[in-house]
Amino acid sequence: MKKLIAIDLDGTTLNQDSKITDKTAKTLRRAIQDGHSVVIATGRPYRMSKNFYQELQLTTPMINFNGALVHLPGKKWADEQETSINRKIVFDLMAEKKNLKLDFIAAENRETFFIDDLNFFDQHFFASDVATADNLLTVNTLQTNPTSVLLRSQPENVSSVSEELKQQIGHEVEVNTWGGPNPMLEVVAKGIQKAHGLKRVIESLNMKQEDILAFGDEHNDVDMLKFAGWGVAMANGTDQVKSVANDITDKPNTEDGMADYLTKYLDL
């Protein structure tokens, strides 16, 4: 039975150095050769994940911003979908920045980013060599509705900030915590989740929900694992994601846990 293998990046496909190991790359390529489809479903923007898409030599649709962008990289695609949020929300957050104990606020779309404090610009994080005045987040630079808003707070504040935001603007947006080394919160449009993106992808590829084999480790993977025919939580995953999974990998992402599981599951 041909599967759609939906893979989260941080904490799942990537190791502790945010890299795809040779073993993981070989396993995924082998699955593709055997006729399965591999689809990346990540909270990251496209510019921070296209290197992995290229490294795995994928030709499938891709899900970015936790489902707010579903596209076929580098190609025109009739089923492409991009869902934005009202830019007014960004300016409201900027006004509340101190109260919410935020380090910075960044608004993003597929091509670019705007950050309210250039001192927090990080080449690796924003996948860009430089940030200029054009990237400074102001009423004048952010002219269109962004696809996603990233908020950084100190690790000890993340859950309280998340709860506060859900109470204040939860009727308009989804608030996700971001896996990986940075304590980030991501805000996307209400109803947007990875499962929403996957639904679009299976319709386009003419596959069924039960054909999906999904891997994830974080809060933003819960709905994807629930939606999939077979959802697998990583050994390093949160208790919440493990509670909804059909199975859990033996090994964490630091030991090729996904590749190990996939090899046994597909009997590669």
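This text follows the structure it describes.
If you're wondering where the values come from, they're calculated on a predicted model, not measured in any experiment.

What to know about unusual backbone geometry
Of note in the backbone geometry, Ser18 takes a positive phi value of approximately 55° without being a glycine. On the basis of relative accessible area, Ser18 is assigned to the buried category, the value being 19%. Non-glycine residue Asn206 carries a positive phi angle of around 60°. Residue position: Asn206 is located in the loop between helix 7 (194-205) and strand 11 (212-216). On the basis of relative accessibility, which here comes to 72%, the residue Asn206 falls in the exposed class.

Here we look at the sheet that holds strand 3 (residues 62-64)
Read from one edge of the open sheet, three strands run 3-4-5, paired in antiparallel fashion. The sheet terminates laterally at strand 3 and strand 5 (81-82), the two strands that pair on one side only. Relative to strand 4 (residues 69-71), strand 3 is paired through three bridges, and the arrangement is antiparallel. Note that in strand 4 the partner of Asn64 across the bridge is Leu69. Each of strand 3, strand 4 and strand 5 is contacted by helix 7, which is oriented at about 160° to strand 3, the strand it contacts most.

Here we look at empty space enclosed by the protein
The full count for this structure, using the stated rule, is two cavities of 30 Å³ or more. Reported here for the second largest cavity is a volume of approximately 30 Å³. In this structure, the second largest cavity is lined by Thr12, Thr13, Thr24, Met234, Asn253, Asp256, Gly257, Met258 and Ala259. If you list the elements that add at least two residues to the lining of the second largest cavity, you get helix 1 (9-13) and helix 10 (257-266). No other element matches the three residues that helix 10 contributes to the lining of the second largest cavity. When its residues are assigned to classes, the lining of the second largest cavity shows three nonpolar, five polar and one charged.

Describing the side chain of Ser18
By the element assignment, Ser18 lies in the loop between helix 1 and helix 2 (22-33). When sequence neighbours within four positions are dropped, the list of residues in contact with Ser18 reads Asp10, Arg44 and Phe52.

A closer look at the pattern of salt bridges
Throughout the structure, instances matching the rule amount to 14 salt bridges. Residue Asp10 is joined to Arg44 by a salt bridge in which the shortest nitrogen-to-oxygen separation is 2.8 Å. Of this pair, Asp10 sits in helix 1 while Arg44 sits in the loop between strand 2 (37-40) and helix 3 (50-55), and the two are 34 residues apart along the sequence. The partner of Asp221 in a salt bridge is Lys194, and the shortest N-O contact between them spans 2.6 Å. On the criterion of sequence distance, the pair formed by Asp221 in the loop between strand 11 and helix 8 (222-227) and Lys194 in helix 7 is long-range, its members being 27 residues apart.

Side note on the sheet that holds strand 13 (residues 247-248)
Sheet architecture is open: five strands sit in the order 2-1-11-12-13, paired in parallel fashion. Edge positions in the open sheet fall to strand 2 and strand 13, since each of these has one partner strand only. Together, strand 1 (4-7), strand 2 and strand 11 form the strand contacts of helix 7, whose direction differs from that of strand 1 by roughly 155°.

Quick notes on the packing of helix 2 against helix 10
The interhelical angle for the contact between helix 2 and helix 10, taken along N-to-C directions, is 30°, at an axis separation of 9 Å. When the axes of helix 2 and helix 10 are compared, the pair comes out roughly parallel. Seen along the crossing, helix 2 lies across helix 10 with a hand that is left-handed. Of the residues in helix 10, those in contact with Lys23, Thr24, Thr27, Leu28 and Ala31 of helix 2 are Met258, Ala259, Asp260, Leu262, Thr263 and Leu266. The class makeup of the residues in the contact of helix 2 with helix 10 is six nonpolar, three polar and two charged.

The rules behind these values
- Throughout this description, residue numbers start from 1 for each chain and increase along the sequence as written.
- Totals for whole chains, interfaces and linings use all residues, but because this is a predicted model, local features are given only for residues with pLDDT of at least 70 and pairs of side-chain atoms are given and counted only at 80 or more.
- As a convention, hydrogens and water are excluded, and side-chain values are obtained from all of the structure's heavy atoms.
- Any residue under 20% of the maximum accessible area for its type is buried, any over 50% is exposed, and the rest in between are partly exposed; the area is computed with a 1.4 Å probe on protein chains only.
- Here a strand is any run of E in DSSP of at least two residues, a helix any run of H or I of at least four, and the numbering for each starts at the N terminus.
- When DSSP finds at least two bridges between two strands, those strands are taken to pair.
- The contact definition used throughout considers only heavy atoms, calling two residues in contact when any of these lie within 4.5 Å.
- The angle between two axes is taken between their N-to-C directions and runs from 0 to 180 degrees, where each axis is a line fitted to C-alpha atoms and a helix contributes only its stretch in contact.
- Note on definitions: the grid is 1 Å and covers protein atoms alone; a cavity is a set of points where a 1.4 Å probe fits but cannot get out; a pocket is an open set with protein on both sides within 12 Å along at least five of seven lines; lining residues have an atom within 4 Å of a point.
- Grid points are joined across faces, edges and corners, and a volume is the space filled by probe spheres set on the points.
- Each residue is assigned to one of three groups, with Ala, Val, Leu, Ile, Met, Phe, Trp, Tyr, Cys and Pro labelled nonpolar, Asp, Glu, Lys and Arg labelled charged, and all others, Gly among them, labelled polar.
- Salt bridges are defined as contacts in which a side-chain nitrogen from Lys or Arg sits within 4 Å of a carboxyl oxygen from Asp or Glu.
- To sort the angles, those under 35 degrees are grouped as roughly parallel, those over 145 as roughly antiparallel, those from 65 to 115 as roughly perpendicular, and the leftovers as oblique.
- Crossing handedness is defined as follows: a turn of the near helix away from the far one that is anticlockwise and smaller than a right angle gives a left-handed crossing, while the clockwise case is right-handed.

Read these as geometric descriptors, not functional statements.
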